[in-house]
Amino acid sequence: MRILRTLFAPRRNIDLKAPSRPWFLFRLPRLALAGACSVLAVAAHAACPPSAIASLGKPGSAVGQWNAVDRGLLWRADRDGRTSWLYGTIHLGRAEWVRPGPTVQKALEQSDALALELDARDPATMRAMTQPADPALVARLLSGQRAQRLARQNEEACVPPGAMAGLQPILQVTALAGLVARADGLYPEFGVDETLAVSARNNNKPVFALESAASQLKMLTGESEAEEAEQIDAALDELESGQLRAQMKELADVWARGDVDKLSRYPEWCNCVNTPAERRLIKRLLDDRNPGLADGIERMHAGGQRMFAAVGALHMVGLQGLPALLSARGFTVAAVPLAAQPPLAVPAAPSPKAEARNARGARSARDSRGARGSQAAKSSGAKGSKGSAKPAQRAPAPKSKQRR
């Protein structure tokens, strides 16, 4: 987003006169530390919270007045004589968070490329995320009382009537998550992944996607139409009760102070793994995705690149988190304490053989506890188009080392 580019303008000349584009990365509370995207223009209205750009006009919010402070969770991963980095992010943020802190910025500078769950600026990704849904499916899932509930929430969020009518039904609901957090000064435009992508591109670093838009969309919609309907109803319940806004704010506060212990206990306090459908969702969001994310990071590192992998913070904690998974693959993984934060522990992942022997018990334990050490979120954003949209760019294995 152009407004973010102003924060890095001293490093590169950028045209700031062109009109800004209201690209919003929306995520549900459980996905605030995981991933998914959608695009939406929000109507201006006196009763609405200010837009991200308008919020910069508040006292103390002018560009250049923020100190760069380290936030989040950071690990270094060494193997084959190279260092890559794992950074636990949140997909929305406050204006004062847009500058990476000195430790995070240094790690990014020492890397050859940035890896994200998705590259929201990739045109193929945006096409997949905004591909029109099947009108018949929309009619079946968003009719009657459910449609009325959704219309009320859109009105409260100042979304113009019909602005999201063509999107996948689950996305029409989850897109509202990023908007409800505006009342607490949290905006998808200031999401950590987005600000890192701006910084990387301003320094001519390539940005790669670890996942495809199609796979994320599939994750959100679930295995059946009935499951998607369950998730829509649950999302509307959270919006109407105010629970969603409270969850978003608490997640943001936990992330900002780098509270890895509380993140590891997420299922105990999120009130989001109470039903079989919620447990299936959190498993899809976290445990099922982490091995694929680790594969992508390992592949690019083995290809000669020092990677800075920025992934939702809940993907980083516990025995199924990325630091533990990469440690089991031969990386030497060490937590990097950030300012005013206690040292972060790196759980020891089981060996492949031990993991296989204990698979049945591990699954039972995860089901009973929810998704300990995983990252949840109901994303506001997009995932799972059932059409033939072109998937987001996947990073090829590099043929040679880039500059060191």
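Our subject is the structure listed above.
Just so it is clear, the model here is predicted, and its values are computed rather than measured.

The rules behind these values
- Residues numbered from 1 in each chain as written.
- Predicted model: local features only at pLDDT ≥ 70, side-chain atom pairs only at ≥ 80, totals over all residues.
- Heavy atoms only, no water.
- Helix = DSSP H or I, 4+ residues; strand = E, 2+ residues; numbered from the N terminus.
- Contact = heavy atoms within 4.5 Å.
- Areas by Shrake-Rupley, 256 points an atom, 1.4 Å probe, with all protein chains shown as cover.
- Polar contact = N/O pair within 3.5 Å; in protein donor to acceptor, adjacent residues only side chain to side chain.
- Salt bridge = Lys/Arg side-chain N within 4 Å of Asp/Glu carboxyl O.
- Buried < 20%, exposed > 50% of the residue type's maximum accessible area, 1.4 Å probe, protein only.
- Disulfide = S-S within 2.5 Å.

Caption draft 1: A look at the overall build of the chain. When helices and strands are counted, the chain shows 19 helices and six strands. The contacts in the chain between residues at least 6 apart in sequence include a share of 85% that link residues at least 24 apart. When the accessible surface of the chain is totalled, it reaches about 16400 Å², and 52% of it is carbon and sulfur.

Caption draft 2: Looking closely at the environment of D119. Relative to the assigned elements, D119 resides in the loop between β3 (113-116) and α4 (123-129). For the pair D119 and E194, spaced 75 residues apart in the sequence, the C-alpha separation amounts to 8.6 Å. Among all residues touching D119, those that are not within four sequence positions of it are T125, R201, V207 and A209. A distance of 2.5 Å separates a polar atom in the side chain of D119 from a polar atom in the side chain of R201.

Caption draft 3: Spotlight on the pattern of salt bridges. Tallied over the full model, the rule gives 25 salt bridges. In this structure, E230 engages R280 in a salt bridge whose closest nitrogen and oxygen atoms are separated by 3.7 Å. Taken as a pair, E230 in helix α11 (residues 225-241) and R280 in helix α15 (residues 276-285) lie far apart in primary sequence, 50 residues in all. By relative accessible area, E230 is classed as partly exposed at 41%. Residue R280 is classed as partly exposed on the basis of its relative accessible area, which comes to 40%. Because the salt bridges share partners, they merge into one network encompassing R79, D80, R82, D295, E298 and R329.

Caption draft 4: Here's a closer look at unusual backbone geometry. Phi at D80 takes a positive value of approximately 60°, unusual for a residue other than glycine. By secondary structure assignment, the location of D80 is in the loop between β1 (73-79) and β2 (82-89).

Caption draft 5: Summary view of the state of the cysteines. Taken as a whole and assessed by the stated rule, the structure comprises two disulfides. Covalently, C48 is tied to C158 through a disulfide, its sulfur atoms 1.5 Å apart. On the S-S bond that ties C48 to C158, the torsion sits near -100°, and the link is left-handed. Taken together, the residues span a long stretch of sequence, with C48 in the loop between α1 (2-5) and α2 (52-55) and C158 in the loop between α6 (144-156) and α7 (169-174) at a distance of 110 residues. Through a disulfide, C270 is tied to C272; the S-S separation comes to 2.1 Å. In this structure, the disulfide formed by C270 and C272 twists by about -85° around the S-S bond and is classed as left-handed. Residue C270 shares its accessibility class with C272, and that shared class is buried. Sequence-ordered numbering of the disulfide-bonded cysteines in the chain gives the connectivity 1-2, 3-4.

By themselves these figures say nothing about function.
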